[in-house]
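Topology and contacts: notes
Spelled out, the chains give:
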Amino acid sequence: MTKNLQVMKFGGTSVGNATCIRRSAQIVAHAAKEHKVAAVVSAMSGVTNRLIEAAHHAKQGDREAGKALTEALREQHFEALDALVQSPGTKGPVQERVKQILAEASRLYEGTALLRELTLRTLDAISSLGERLCAPIFAAALGELGARGSAIEATELIMTDSFHGGAEPLPDATREKSQKRMGALLEQGIVPVVTGFIGATADGALTTLGRGGSDYSATILGAALDAEEIIIWTDVEGVLTADPRLVGDARTIPEISYREAAELAYFGAKVLHPKTLRPVLPAGIPVWIRNSFAPEKLGTKITAKGRSIGGGVKALTAIRDVALISVGGPGIVGVTDVVGRTFSTTAELRAEVLLISQSSSQNDICFIVAKAHAQATLEALRKEFAQDLAHQVVDHIAMDPDIAIVAVVGENMRGTPGVAGRTFHALGKENVNMIAIAQGSSETNISFVVSDKAVQTALQTLHREFHLADAS
Ligand code: ADP
Ligand code: ASP
Ligand code: MG
């Protein structure tokens, strides 16, 4: 319905202070001269972490952490607003809005400290405050640049299920709400400035889409509004051949397929939330990753087809903060339901399994989950297999938290002989020990488990081995 629409998302560092907000608002104002534009903004960088940390203090009964943070956030956001907006007519209402949101923050922290209880629903309400504070300031900054912006909370747009902390969008309801609420604004040339990261259930409870979820918000809205393209503005020049913090000569990939990018995101490339590409697959909407600090650079274009480099390795990634869980014992050979029971247990906990490997002798299954889920998974499995442990059918259910998954990603890798061999040979030469390997049936990645200490060596070694620093 909205022809010619660009959805632009700005991450935490791109709205990290007044200078960054101005630069990002300039990008929007410039684009708004030729396109309809909807902006999606994250919280100022670091704010979500601080909000969550204070929530955990409040849960322990600490009443001061929430107070101190609320005060610090007031200063930080007022300072940004002062630097960005001169006209009192614009500034006043935004100050009022910031005060209202901070008053809500105080009540949430006080309630938590009083009850010493932090439900996932309350944690969502607290985590969302950063985006809610940022959007009105960003909209006002647009006004100052001669564009027209209107802050909207995504609770009015993105409808989700009630899984707090990682809610799933409901596309039809979201489409209806978003078109209704944003259509007229866009027709009038007004830029809706939407809070990333959040949504709401049908009965109005605020939910969040999971950490880093503002990328997902942008594609959910882009799909709901039939956008022409979605641009994710961040602090690096696109999707790189590896995390630049770990591999110094990582290079921007000019074009990459949905599948490859999704695989990278899934295996830890923080530049994209793992679910980001799901909403755009049916309509094939292109997604750009660009650097808000260097808008003259083109960045990476993510499309259905990508640009083929004739098969082979395109990029590397690693996922840390994970733990390996193994269930094993000589007795499990022939016990047909061990695998089924293991994964029903993880499914019940909604603990996503990132990699599975089963030894060929079938006496050990190991799999990887996020560290956040590891302890609960371990306990649930020990309960599930209590009888089998007692009868030594299963002799161990163990966890190793000091590991990481490294993934080598590229379309059609399976059709390129020697990738696995080269990977393992190169790592062997550097004495990187592989704890488990999973090539699975995916043609797009080879992933393996190494000790967390070996991650950087593994990435640098493979980056060299596959000549990823050379221009394609
Ligand atoms: P934002 O706040 O804009 O959402 P994030 O910090 O979530 O930004 O994601 C951008 C960061 O992702 C980069 O600064 C970079 O360190 C990291 N990153 C990890 N892997 C990659 C990769 N393959 N390409 C680009 N960036 C990556
Ligand atoms: N502010 C949220 C977070 O830090 C969402 C995001 O930045 O994408 O997780
Ligand atoms: Mg992010």
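Residues numbered from 1 in each chain as written. Chains lettered and ligands numbered in written order. Predicted model: local features only at pLDDT ≥ 70, side-chain atom pairs only at ≥ 80, totals over all residues. Heavy atoms only, no water.

Regarding the sheet that holds strand 8 (residues 255-257)
One open sheet accounts for eight strands, arranged 3-4-2-1-7-9-10-8; its pairing is mixed. The open sheet has two edge strands, strand 3 (149-152) and strand 8, and neither has a second partner. Averaged over all pairs of adjacent strands, the angle between strand axes in this sheet comes to 20 degrees, irrespective of strand direction. Along the sheet face, helix 6 (residues 129-144) touches strand 1 (5-10), strand 2 (36-41), strand 3 and strand 4 (191-195) and points at about 160 degrees away from the line of strand 4. (Pairing = 2+ DSSP bridges. Helix = DSSP H or I, 4+ residues; strand = E, 2+ residues; numbered from the N terminus. Axes fitted to C-alpha atoms, helices over the stretch in contact; angles between N-to-C directions. Contact = heavy atoms within 4.5 Å.)

Concerning the packing of aromatic side chains
Under the criterion given, the structure shown has five aromatic pairs. With centroids separated by 5.5 Å and ring planes inclined at 35 degrees, the aromatic side chains of Phe-10 and Phe-138 adopt a geometry described as tilted. Here Phe-10 is found in strand 1, whereas its partner Phe-138 is found in helix 6, with 128 residues between them in sequence. Residues Phe-10 and Phe-138 agree in their burial class; the two are buried. Taking the centre distance of 6.2 Å and the plane angle of 5 degrees together, the rings of Phe-10 and Trp-233 count as stacked. Highlighted residues: Phe-10 in strand 1 and Trp-233 in strand 7 (residues 229-234), separated in sequence by 223 residues. You'll find Phe-10 and Trp-233 in the same group, each marked buried. Among the aromatic residues, those joined into a ring-pair cluster are Phe-10, Phe-138 and Trp-233. In this arrangement the basic side chain of Arg-350 is found over the ring face of Phe-163, its NZ or CZ atom lying 3.6 Å from the centre. (Phe/Tyr/Trp six-rings, centres within 6.5 Å; stacked < 30°, edge-to-face > 60°. Buried < 20%, exposed > 50% of the residue type's maximum accessible area, 1.4 Å probe, protein only. Lys NZ or Arg CZ within 6 Å of the ring centre and 35° of its normal.)

Remarks on the site of ligand 2
Taken together, the residues surrounding ligand 2 are Ser-42, Thr-48, Glu-131, Phe-197, Arg-211, Gly-212, Gly-213 and Ser-214. Between ligand 2 and the protein, one listed contact pairs a nitrogen atom with a side-chain N or O atom of Thr-48 at 2.8 Å. The separation between an oxygen atom of ligand 2 and a polar main-chain atom of Ser-214 is 3.0 Å. Protein contact buries 85% of the 260 Å² of open area that ligand 2 shows by itself. For the shell around ligand 2, the per-class residue count stands at one nonpolar, five polar and two charged. (Near = heavy atom within 4 Å. Polar contact = N/O pair within 3.5 Å; in protein donor to acceptor, adjacent residues only side chain to side chain. Areas by Shrake-Rupley, 256 points an atom, 1.4 Å probe, with all protein chains shown as cover. Nonpolar A, V, L, I, M, F, W, Y, C, P; charged D, E, K, R; others polar.)

Brief notes about the environment of Val-194
For Val-194, the location among the structural elements is in strand 4. For Val-194, a relative accessible area of 0% corresponds to the buried category. Taking the C-alpha atoms as reference, Val-194 lies 9.0 Å from Ser-217; in sequence the two are 23 residues apart. Residues contacting Val-194, with those up to four places away along its chain left out, are Ala-39, Val-40, Val-41, Ile-152, Ala-154, Leu-157, Met-182 and Leu-221.

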